[in-house]
Amino acid sequence: MTQQYEKAAAAVPLLDVRDLHVEFRTRDGVAKAVNGVSYSVRAGETLAVLGESGSGKSVTAQAVMGILDSPPGRITGGEVLFRGQDLLTMGAEARRRIRGAKLSMIFQDALSALNPVMSVGAQLGEMFSVHDGMTRKDSRDKAVQLMERVRIPAAAERAGDYPHQFSGGMRQRIMIAMALALEPDLVIADEPTTALDVTVQAQIMDLLAELQREYNMGLILITHDLGVVADVADRIAVMYAGRIVETASVHELYAAPAHPYTVGLLGSIPRLDHKGKELYAIKGLPPSLTDIPAGCPFNPRCPRAQAICRTDRPPLFDVAPGRASACHFWKETLDDAG
Amino acid sequence: MADATKQAEQAGQAGAPGQREPILQVRNLVKHFPLTQGLLFKKQVGAVKAVDGISFDLYQGETLGIVGESGCGKSTVAKLLMTLETATSGEVFYKGQDITKLSGRALKAVRRNIQMVFQDPYTSLNPRMTVGDIIGEPFEIHPEVAPKGDRRKRVQELLDVVGLNPEYVNRYPHQFSGGQRQRIGIARGLALNPEIIICDEPVSALDVSVQAQVINLMERLQDEFNLSYLFIAHDLSIVRHISDRVGVMYLGKMAEIGTDTQIYDYPTHPYTQALLSAVPVPDPEAREGRERIILTGDVPSPANPPSGCRFRTRCWKAEDKCAEEMPLLAVPSLYEGEDTPAAHESACHFAEVKQVVGAA
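Residues numbered from 1 in each chain as written. Chains lettered and ligands numbered in written order. Predicted model: local features only at pLDDT ≥ 70, side-chain atom pairs only at ≥ 80, totals over all residues. Heavy atoms only, no water.

**A closer look at a nonpolar patch on the surface**
All names here are of chain B. Worth spelling out the cut-off: Like charges are joined within 9 Å and nonpolar side chains (Val, Leu, Ile, Met, Phe, Trp, Tyr) within 5 Å, but only among residues with over 30% relative accessible area and no salt bridge; these make up the patches. Only the protein chains shown count as cover for residues, and all accessible areas are computed by the Shrake-Rupley method using a 1.4 Å probe. We count a salt bridge whenever a side-chain nitrogen from Lys or Arg sits within 4 Å of a carboxyl oxygen from Asp or Glu. In this text, helices come from DSSP runs of H or I with a minimum length of four residues, and strands from runs of E with a minimum of two, each type numbered from the N-terminal end. Only protein chains enter the area calculation, which uses a 1.4 Å probe; residues under 20% of their type maximum are buried, those over 50% are exposed, and those in between are partly exposed.
On the surface, L39, L40 and F41 cluster together to form a nonpolar patch covering roughly 480 Å² of accessible area. Residue position: L40 is located in the loop between β1 (22-37) and β2 (43-59). A relative accessible area of 72% places L40 in the exposed class.

**Points about the packing of helix α5 (residues 120-132) of chain A against helix α8 (residues 168-180) of chain A**
Residue and element names in this part refer to chain A. Put simply, the test is: Fitted lines through C-alpha atoms serve as axes, helices being fitted only where they are in contact, and the angles separating the N-to-C directions of these axes extend from 0 to 180 degrees. Orientation labels follow simple angle bins: below 35 degrees gives roughly parallel, above 145 gives roughly antiparallel, 65 to 115 gives roughly perpendicular, and whatever is left gives oblique. In this scheme the crossing of two helices becomes right-handed for a clockwise turn of the near helix relative to the far one and left-handed for an anticlockwise turn of less than a right angle. What makes two residues a contact is simply this: any of their non-hydrogen atoms within 4.5 Å.
Between α5 and α8, the least distance of the axes is 9 Å, while the angle of their chain directions is 15°. For the element pair α5 / α8, the angle class is roughly parallel. Crossing angle aside, the handedness with which α5 passes α8 is right-handed. Within the contact between the two elements, α5 uses V120, Q123, L124 and M127 and α8 uses I174, A177 and M178.

**As for the interface of chain A and chain B**
Filter applied, for reference: Summed over both partners, the accessible area (1.4 Å probe) lost when two parts come together is defined as the buried area. Between N or O atoms, a polar contact is any pair within 3.5 Å; within protein, one atom must be a potential hydrogen donor and the other a potential acceptor, and residues adjacent in sequence are included only when both atoms are from side chains. Charged residues are taken to be Asp, Glu, Lys and Arg, nonpolar residues to be Ala, Val, Leu, Ile, Met, Phe, Trp, Tyr, Cys and Pro, and polar residues to be all remaining types, Gly included.
At the interface, 44 residues of chain A touch 44 residues of chain B. It is D231(A), L272(A) and K275(A) in chain A that bury the most area against chain B; as a group they hold 21% of the surface buried on that side. On inspection of chain A and its partner chain B, the count reaches 1 salt bridge. In this structure, D231(A) engages R292(B) in a salt bridge whose closest nitrogen and oxygen atoms are separated by 2.3 Å. In this structure, the connection of chain A to chain B is made through 12 residue pairs in polar contact (both at pLDDT 80 or more). For the side of chain A that touches chain B, the elements supplying multiple residues, two or more each, are α9 (198-215), α10 (226-232) and α11 (250-255) of chain A. Among the elements that take part in the side of chain A that touches chain B, α9(A) stands out by supplying 7 residues, more than any other. Of the residues belonging to the side of chain A that touches chain B, the class tally is 21 nonpolar, 12 polar and 11 charged.

**A closer look at the sheet that holds strand β8 (residues 218-223) of chain A**
All names here are of chain A. We apply this condition: Two strands pair if DSSP finds at least two bridges between them.
Here we have 8 strands laid out as an open sheet, ordered β6-β7-β8-β3-β9-β10-β12-β11, and mixed in their pairing. Sheet topology places β6 (103-106) and β11 (317-320) at the edges, where each strand pairs with a single neighbour. Strand-to-strand twist in this sheet, taken as the mean axis angle between neighbours without regard to direction, amounts to 25°. Helix-sheet contacts for α9 involve β3 (46-50), β6 and β8, and the interaxial angle to β8 is about 155°. Packed on one face of the sheet, helix α12 (residues 260-267) meets β3, β9 (235-240) and β10 (243-249) and runs near 100° to β9.

**Re helix α2 (residues 74-81) of chain B**
Residues and elements named next belong to chain B. Within α2, 6 of the 8 residues are buried, which leaves the element mostly enclosed by the surrounding structure. Buried residues of α2: K74, T76, V77, A78, L80 and L81, and no others. A positive phi of about 50° marks T83, the residue just after α2.

**With respect to the UniProt feature "domain: ABC transporter" (unreviewed entry) in chain B**
To be explicit about the condition: UniProt positions are given in the numbering used here, feature names are shortened, and annotations may be inferred rather than shown by experiment.
According to UniProt, the feature "domain: ABC transporter" (unreviewed entry) maps to residues 24-276 of chain B in the numbering used here. End-to-end, the C-alpha atoms of residues 24-276 of chain B are 27 Å apart, and along that stretch the chain is 36% helix and 28% strand.

**With respect to the layout of surface pockets**
Any empty space left between the atoms is revealed when a probe the size of a water molecule rolls over them. All names here are of chain B. Definition in use: Put plainly, a pocket is an open set of points on a 1 Å grid over the protein atoms alone with protein on both sides within 12 Å along at least five of seven lines, a cavity is a set where a 1.4 Å probe fits but cannot get out, and a lining residue has an atom within 4 Å of a point. Grid points are joined across faces, edges and corners, and a volume is the space filled by probe spheres set on the points.
Estimates place the volume of the second largest pocket at around 870 Å³. Among the elements of the structure, α1 (2-15), β1, β2, β9 (245-250), β10 (253-259) and α9 (260-265) are those that each provide at least two residues to the lining of the second largest pocket. Tallied by class, residues from the lining of the second largest pocket come to 19 nonpolar, 13 polar and 8 charged.

**Regarding the state of the cysteines**
The following threshold applies: A pair of sulfur atoms, both from cysteines and within 2.5 Å, is called a disulfide here.
Scanning the entire structure with this criterion turns up 0 disulfides over all chains. Left without a disulfide partner, C309(A) is nearest to the cysteine sulfur of C296(A), which lies 6.1 Å away. When its relative accessible area of 7% is taken as the criterion, C309(A) is described as buried. Unpaired in terms of disulfides, C348(B) finds its nearest cysteine sulfur in C315(B), a separation of 6.1 Å.

**A look at the pairing of strand β1 (residues 15-26) of chain A**
Residue and element names in this part refer to chain A. Summarising the sheet, β1 and strand β4 (residues 73-82) pair through 8 bridges and their orientation is antiparallel. Residue pairing across strands places R18 opposite E79, the latter belonging to β4. Judged from the 10 bridges that link them, β1 and strand β2 (residues 29-41) form a sheet pairing that is antiparallel. From the neighbouring strand, H21 faces β2, where its bridge partner is N35.

**Concerning the packing of aromatic side chains**
All names here are of chain A. Test applied: Two aromatic rings, drawn from Phe, Tyr or Trp (for Trp, its six-membered ring), form a pair once their centres lie within 6.5 Å of each other, and the interplanar angle then sorts them: stacked below 30 degrees, edge-to-face above 60, tilted otherwise. Charge-over-ring placement is defined geometrically: NZ (Lys) or CZ (Arg) within 6 Å of the ring centre, and within 35 degrees of the ring normal.
Within this structure, the stated rule accounts for 7 aromatic pairs over all chains. Note on Y240 and Y261: the rings are 4.6 Å apart at their centroids and 55° apart in plane angle, and the pair reads as tilted. Of this pair, Y240 sits in strand β9 while Y261 sits in helix α12, and the two are 21 residues apart along the sequence. Both residues of the pair, Y240 and Y261, count as buried. Their ring planes at 65° and their centres at 5.3 Å tell us that Y261 and F298 sit as a pair that is edge-to-face. Note that Y261 is positioned in helix α12 and F298 in the loop between α12 and α13 (307-311), a separation of 37 residues in sequence. The exposure classification of Y261 matches that of F298, with both residues buried. Among the aromatic residues, ring-to-ring pairing joins Y240, Y261 and F298 into one connected group. Directly above the ring of F166 sits R158, whose terminal nitrogen or CZ lies 4.0 Å from the centroid.

Spelled out as structure tokens, the structure:
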């Protein structure tokens, strides 16, 4: 693990998101989905972005990929630097060339992400004919190779099949094949295994980790599953109401969380290895994005909240090298956890 | 006090399940969905064997968890117990009475005591009805439970019991969050004071922080009203947390059944072992040390299940015997008569304990 860290630290970040802001215009007013998110990923590194629904984890990824629905969505500030180039100010054509070839995405629901009226072989082959200008025959051969690479049995025969003819796990493999077709530098996986059964989830996460090592890709894993994160991630960014509330290495975070929200999340999941007592439940609900509380957005649900939390928005305080928490009382939280 | 009784029951039951009278006994339950061909003259060309001979008991005040992957038939079991589907064969005894044979008034009376909480809090509540009408609707069918004048008060009590503001009776489902809607679903399930609640994936659509709230609520209600839960879920950690006993299903069959300790700490069926080892544990320190059993392939189609043991096509222990002979759900001969947690029912010819979930 440490070795991997030193290697990663030496490299320049592949992706550097700086102070990103995204809003949606809705009937109920402006929903502030992402409010100043910054994170970076290096080659070979896995960053897990953890959060509940509405935390802004997927919207951030969509803004990075340039697939945000706009309108109603709008990027209102920030930079997305890919190898030092700002993707947000880049022309559409230049950006399209990066997307797919250098930067690609794996979606949660493979059935709706794949084209239902095109055979999977043709969909995979399209990647090569569009980006590399390959002939139909060559791109078809490449497609079959890719399907073999993600271990789809009888790939040559199945290349002519349509997405609905595959099982959920096999479809997810095809999604992965498509995302990795052009050997991108960075892959964003948005809940890649949430719709799958555990035994299939284990197969897919294994495959993803193997391919990541092989190509030395950076991986952003967007998920709400604390178990999956503990299994594969190097670093974690925990999001709440469109902000990162804590970032740390995966070992530090699970050993001693420095934000009350993270403490609550870890306490609220039942464990497989022992029965446990009553679960710790975070009271209340996540805030509406059109009406985020003043001060710390977590203050109405926080057991530690004081007067200052209701008035002053906590910045990300440095807790330790490479570790930060957006809580006025991070020290106390950390002390209690440790 | 409620806690103490529950613990006593649990202890008694782990020792000798035969001593207590089960509230629900399921025997050789089978549900085959016919596959037909032709438009005008439909002929049956096969059957999807969704549930293919399942037996288990549910005791008063306990939670029996049923786990398994999609397509294993766990939701069909729920529908059969609710008599929403007609069983192809087999029996379900509720207090000694076979409910699969009942109809009309007798069935209606039994249904009052067996209620259900559904998975999806968005589609299981009628969007055009107010919360008060949704929770109060069971009283229309069973007016004996709450006389007409009392209903509104009773609905408000139920809202209070599940932790919602009783003043919300006139609101519509869309005005509530997912977790609150699931509370409404639970209140509706409780309305008729049932003895058994069948919960089909009741928390899998909810966020983690809200999930914990709903699970705590369900545990509290169980103690308060001495409910029996049949808790169907695919999340093995949640099932362990809430269940007294657990049954593992695979392709329409029960693979293994026992107390939570027996199943999680001493699994003897290879499928249970693979399933448990595949669950990610929220502990990064454990990731290097854990042994993972990665199964190959997908679950076979229930329309054409493998001969003999259904799991043999994905099993690393499979031998010729497994293709020829269907293993029965029984205490493995290896552990028969022994006083060990390994001595619980498992449907495998080569059943043997393998601990896969870090030492307990």
